[in-house]
Amino acid sequence: MRLPAVRLVLLGRLPYNELLALQERWLRRLQAEPGTEALSGAEAGALLLCEPAGPVYTSGLRGGLTPEETARLRALGAEVRTTGRGGLATFHGPGQLLCHPVLDLRRLGLRLRTHVAALEACAVRLCEFQNLRGARARPPPYTGVWLGERKICAIGVRCGRHITSHGLALNCSTDLVWFDHIVPCGLVGTGVTSLSEELQRHVTVDEVIPPFLDAFKETYKCTLISENSSN
């Protein structure tokens, strides 16, 4: 049986607003296609990967930041954006892997719930590749991937007409101090961590991309086709 294909778009370090603009172009591209015959052959959409070029706080459909908090965070030198993903406030910045799959779930035989579970499984598998065996997903409201009581990967997605956007943010060498200025995902009493923190060495985003892609192909049962980021 032929596996569905997903376009891989590696963006390197990128301002967050440029990631959102590219995501929107892919959304329009998929939404313009007729039903389950989206794109050519068995293609299911695109996998956008990048490392944020600067500090950004984002809030989701459930809010998470008051006007006063927004002003305070901007005074720290961070960008603040409201997005259409699920969840509350979180942080994105250098040293973090952002993965935004823009996918027609019908082409992959998935529903929204299984898509979220698949994203969690990718992050857990990546941690296992790094010999962090304790990584696990937790049920809502603790969606994401955790090592004990510390979240290493946040997940927030949007889905309309079976097409997904947004995705996951995995801390590789993120400066975790930025999280001190918010209550990440609205979860009081929990912490955050990173691969670098857990492994006690510097782990770059570039280092984890190859094993992450292996985990993605394994979990989503798809092939990846490289595409120039300008597309």
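Small disclaimer: the values here were computed from a predicted structure and weren't measured.

Novice: Would you take a moment to explain the pattern of salt bridges for this structure?
Specialist: Where charged atoms of side chains with opposite charge meet at close range, the side chains can pair. Per the stated rule, a full pass over the model turns up 11 salt bridges. Between Glu218 and Arg125 there is a salt bridge whose closest N-O contact spans 3.2 Å. Remark: Arg125 occurs in helix 4 (residues 112-129) and Glu218 occurs in helix 6 (residues 205-220); sequence separation between them is 93 residues. With a relative accessible area of 44%, Glu218 lands in the partly exposed category. Taking the shortest distance from any N to any O, the salt bridge between Glu198 and Arg150 comes out at 3.2 Å. Here Arg150 lies in strand 9 (residues 150-160) and Glu198 lies in helix 5 (residues 195-199), a separation of 48 residues in the sequence.

Novice: For this particular structure, what's the right way to read the side chain of Gln96?
Specialist: Within the secondary structure layout, Gln96 lies in strand 6 (residues 96-103). Overall, the relative accessible area of 1% leaves Gln96 in the buried class. For Gln96, the side chain forms a polar contact with the side chain of His92, separated by 2.9 Å. Leave out the neighbours within four places in its chain, and Gln96 touches Cys50, Glu51, Pro52, Phe91, Ala169, Leu170, Asn171, Cys172, Thr174, Phe179 and Val205.

Novice: What's the story with the pairing of strand 6 in this structure? I'm lost.
Specialist: A regular strand places its side chains so that they alternate between the two faces of the sheet. Of all 8 residues in strand 6, 8 are buried, a share of seventy percent or more. Here strand 6 pairs with strand 10 (residues 163-171) via 4 bridges, running antiparallel. Bridge pairing links Cys99 to Leu168 in strand 10.

Novice: What is the right way to look at the packing of aromatic side chains in this model?
Specialist: Two measures describe an aromatic ring pair: the distance that separates the ring centres and the angle between the ring planes. The full count for this structure, using the stated rule, is 6 aromatic pairs. Judged by centre distance (4.3 Å) and plane angle (20°), the rings of Phe216 and Tyr220 are stacked. Here Phe216 pairs with Tyr220, and both are found in helix 6, just 4 residues apart, close to one helical turn. We note that Phe216, like Tyr220, is buried. Through pairs of rings, three or more aromatic residues link up here, namely Tyr57, Phe91, Trp178 and Phe179. Above the plane of the ring of Trp26 lies Arg29, whose end atom (NZ or CZ) is 4.1 Å from the centre.

Conventions used here
Residues numbered from 1 in each chain as written. Predicted model: local features only at pLDDT ≥ 70, side-chain atom pairs only at ≥ 80, totals over all residues. Heavy atoms only, no water. Salt bridge = Lys/Arg side-chain N within 4 Å of Asp/Glu carboxyl O. Helix = DSSP H or I, 4+ residues; strand = E, 2+ residues; numbered from the N terminus. Buried < 20%, exposed > 50% of the residue type's maximum accessible area, 1.4 Å probe, protein only. Polar contact = N/O pair within 3.5 Å; in protein donor to acceptor, adjacent residues only side chain to side chain. Contact = heavy atoms within 4.5 Å. Pairing = 2+ DSSP bridges. Phe/Tyr/Trp six-rings, centres within 6.5 Å; stacked < 30°, edge-to-face > 60°. Lys NZ or Arg CZ within 6 Å of the ring centre and 35° of its normal.

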